[in-house]
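For reference, the chains in residue letters:
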Amino acid sequence: EAGVTQSPTHLIKTRGQQATLRCSPISGHTSVYWYQQALGLGLQFLLWYDEGEERNRGNFPPRFSGRQFPNYSSELNVNALELEDSALYLCASSFGQAGNTIYFGEGSWLTVV
Amino acid sequence: AQKVTQAQTEISVVEKEDVTLDCVYETRDTTYYLFWYKQPPSGELVFLIRRNSFDEQNEISGRYSWNFQKSTSSFNFTITASQVVDSAVYFCAPDTGRRALTFGSGTRLQVQP
């Protein structure tokens, strides 16, 4: 069974541009999560989507946004890119109920130059 | 707000040694879930174990075991007979149900042959 898949693997953008990252959850999972792992800042929670709705949001500015599609896949958009947005963006998925194991994908490396 | 402390920044052991990774967390919630993940150099977060706060039974799964003490808010993870492939960064992460896993700073484990 396929795990959480993310694309692209690597992305290079210029400051001020927009980046879009995509994620496909494990089959049957309705919840999708996004985390940022920036150098020196550790792993930080970004967003949680379940059944198409944003359920929780971390301490990030509004230029970080996303959505979840009817097939439960998700995309993360980062507008007005800043150099400090350079990071590994990890997507994860789980079944909807609290306490279920959250499985992570391999991540998308975003470099802002 | 939750806080996770992984006091061991880096541990180096020789293959076949047992190693225990410490984790202390802070939460005001009475019901929560605890996870351990490992992150090899490839970047993907690999799920290891999950424990809920209302079950303090400690278990063993293969070479992995864990010691959960709710009274001291500790959730330690032990690898028995370590192997070179166990080399990775290990993260402890509690979840209070809002899916915003709070990751510790991680413990880098180096297993020498």
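Residues numbered from 1 in each chain as written. Chains lettered and ligands numbered in written order. Predicted model: local features only at pLDDT ≥ 70, side-chain atom pairs only at ≥ 80, totals over all residues. Heavy atoms only, no water.

Attention now moves to the overall build of chain A. Summing up its helical and strand segments, chain A has zero helices and eleven strands in all. Ordered by position from the N terminus, the helices and strands of chain A form the series β-β-β-β-β-β-β-β-β-β-β. Here the C-alpha radius of gyration of chain A, 13 Å, is about what a compact globule of 113 residues would show, namely 13 Å. In terms of its C-alpha atoms, chain A occupies a principal-axis envelope of roughly 40 × 25 × 25 Å. Buried positions account for 50% of the 113 residues belonging to chain A. Each charge class in chain A was averaged separately, 7 positive and 10 negative side chains, and the resulting centres sit 8 Å apart. (Helix = DSSP H or I, 4+ residues; strand = E, 2+ residues; numbered from the N terminus. Rg over C-alpha atoms; globule rule 2.2 N^0.38 Å. Buried < 20%, exposed > 50% of the residue type's maximum accessible area, 1.4 Å probe, protein only. Lys, Arg positive; Asp, Glu negative; His and termini not counted. Charge placed at Lys NZ, Arg CZ, Asp CG, Glu CD.)

Time to look at the sheet that holds strand β3 (residues 19-24) of chain A. Residue and element names in this part refer to chain A. Read across the open sheet, the four strands follow the order β1-β3-β8-β7; overall the sheet is antiparallel. Both edges of this open sheet fall to β1 (5-7) and β7 (64-68), since each of them pairs with a single strand only. Each strand of the sheet is rotated relative to its neighbour by a mean of 20°, with strand direction disregarded. Alignment of β3 against strand β8 (residues 74-78), held across five bridges, turns out to be antiparallel. (Pairing = 2+ DSSP bridges. Axes fitted to C-alpha atoms, helices over the stretch in contact; angles between N-to-C directions.)

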